[in-house]
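The residues making up each chain are set out below.
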Amino acid sequence: MESYELDAVEHITTRPPREYRTLSAAPLTPVIGAEITGLDLSRELTEEQLREFKTAFLDHHVLVLRDQVITQQDHRRLAAHFGELRPVNPPPPEGDPYVLEISTSPEAANVAGNGWHTDGSADAEPSLGSMLYLTRVPEPGSGGDTLFANMHLAYEMLSPALRSLLDGLTAIHDGLAAFQGQTPPEGYVAPRSEHPLVVRHPETDRKLLYVNPAYTTRIPQLSQEESRALLDLLFAVTARRPVLSCRVRWTPNTLVFWDNRCVQHHATYDYYPFTRYGQRIAINGGPLKG
């Protein structure tokens, strides 16, 4: 790797390990993700537990909590500690309007999320984070792992010259792009927004690369050909650099909470024709700033 790439990795890997009183955080990789133990999400968290949980979230960006037997009310209560719940788009025909059912059928040719993306990036105020709780995994006992990529590190490992080029540029995020010509679900309101290519995390102020192949369609400051070439290069950063990513293997009653402001994820569809089931709650964020 180039010296600036090594410096970016070293900046993360040499951080002193944080000490917690109410939970334990075992990193999934040195650069992203942690398994959290010591918390029972079926109970209301204490102020200290919640404070340490939020700290771990900002440090690791993806938190995995296993063997959690929780109700939908428990799920909602935990998410609400981080902000206003985000309505599902389109609204479900029945059930809780803030709970998205993640369910596959044996006939599914594809599943939602099977490709690198960021939840809600096409909205004017993108999602702060998503909490997915899986209660059923594919019948063979494996499959459907989710990959998560650290977009802080994706930006920091770019060459200084490329980082300089990106600063100040914006990109269009279009909610229709993810359907790739297919008909969106009935009632879907397709958002479309313009965000900086490089944004600062609203809580840590760290810069990150904010583009994803599911929703990002155009850099308006460039010609169409230039835009396509640069976006393809940036999309390839996530896909071709395993150092950015961790891989979460699902087990029944696992909750994963990830930061949509600085993480991309990819739900692997490697379990056809088997099925899985879970419920996801998203949390509202705010406008992104460069």
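Read on for an overview of the structure. Computed from a predicted structure; not experimentally measured.

## Observations concerning the sheet that holds strand β13 (residues 245-248)
Thought 1: Strand order in the open sheet formed by 3 strands is β13-β7-β15, and the pairing between neighbours is antiparallel. Strands with a single pairing partner mark the edges of an open sheet, and in this sheet they are β13 and β15 (263-267). Taken over all neighbouring pairs, the strand axes of this sheet differ in orientation by 20 degrees on average, direction set aside.
Thought 2: In this structure, strand β7 (residues 146-150) lies alongside β15, joined through 5 bridges in antiparallel fashion. Considered in β15, the bridge of N150 is made with V263.

## Looking at the nonpolar core
Thought 1: By size, the foremost hydrophobic cluster in this structure holds 47 residues, and its most contacted members are F148, L166 and L197.
Thought 2: For this core, the leading source of residues is helix α6 (residues 224-240), giving 5 residues.
Thought 3: Ignoring any residue separated from it by four or fewer positions in sequence, one finds L166 in contact with L158, L197, V198, L209, L230 and L234.

## Considerations on unusual backbone geometry
Thought 1: Here the bond from N89 into P90 is cis, since omega is 0 degrees, no more than 30 degrees from zero.
Thought 2: Checked against the element boundaries, P90 lands in the loop between β4 (85-86) and β5 (100-103).
Thought 3: In this structure, H61 is a non-glycine residue whose phi angle is positive, near 75 degrees.
Thought 4: The topology assignment puts H61 in the loop between α2 (47-60) and β3 (62-65).

## A few points about the environment of V248
Thought 1: You can see V248 is positioned in strand β13.
Thought 2: What makes V248 buried here is its relative accessible area of 1%.
Thought 3: In this structure V248 touches L28, V64, R66, D145, T146, F148 and V256, once residues within four positions along its chain are discounted.

## Observations regarding the environment of H75
Thought 1: Note that H75 resides in helix α3 (residues 72-80).
Thought 2: Placed 33 residues apart in sequence, H75 and S42 show a C-alpha to C-alpha distance of 8.3 Å.
Thought 3: In this structure H75 touches I70, M131, Y133, L255, Q279, R280 and I281, once residues within four positions along its chain are discounted.

## Comments concerning the sheet that holds strand β12 (residues 216-218)
Strand pairing in a sheet is mediated by backbone hydrogen bonds. Such pairs are either parallel or antiparallel.
Thought 1: Spatial ordering of the open sheet is given by β9-β8-β12, a layout of 3 strands whose pairing is antiparallel. Looking at which strands have only one partner, the edges of the open sheet turn out to be β9 (192-196) and β12. Within this sheet the neighbouring strands show an average axis-to-axis angle of 45 degrees, counted without direction.

What counts, and where the lines are drawn
Residues numbered from 1 in each chain as written. Predicted model: local features only at pLDDT ≥ 70, side-chain atom pairs only at ≥ 80, totals over all residues. Heavy atoms only, no water. Pairing = 2+ DSSP bridges. Helix = DSSP H or I, 4+ residues; strand = E, 2+ residues; numbered from the N terminus. Axes fitted to C-alpha atoms, helices over the stretch in contact; angles between N-to-C directions. Core = buried A, V, L, I, M, F, W, Y, C linked by side-chain atoms within 4.5 Å. Buried < 20%, exposed > 50% of the residue type's maximum accessible area, 1.4 Å probe, protein only. Contact = heavy atoms within 4.5 Å.

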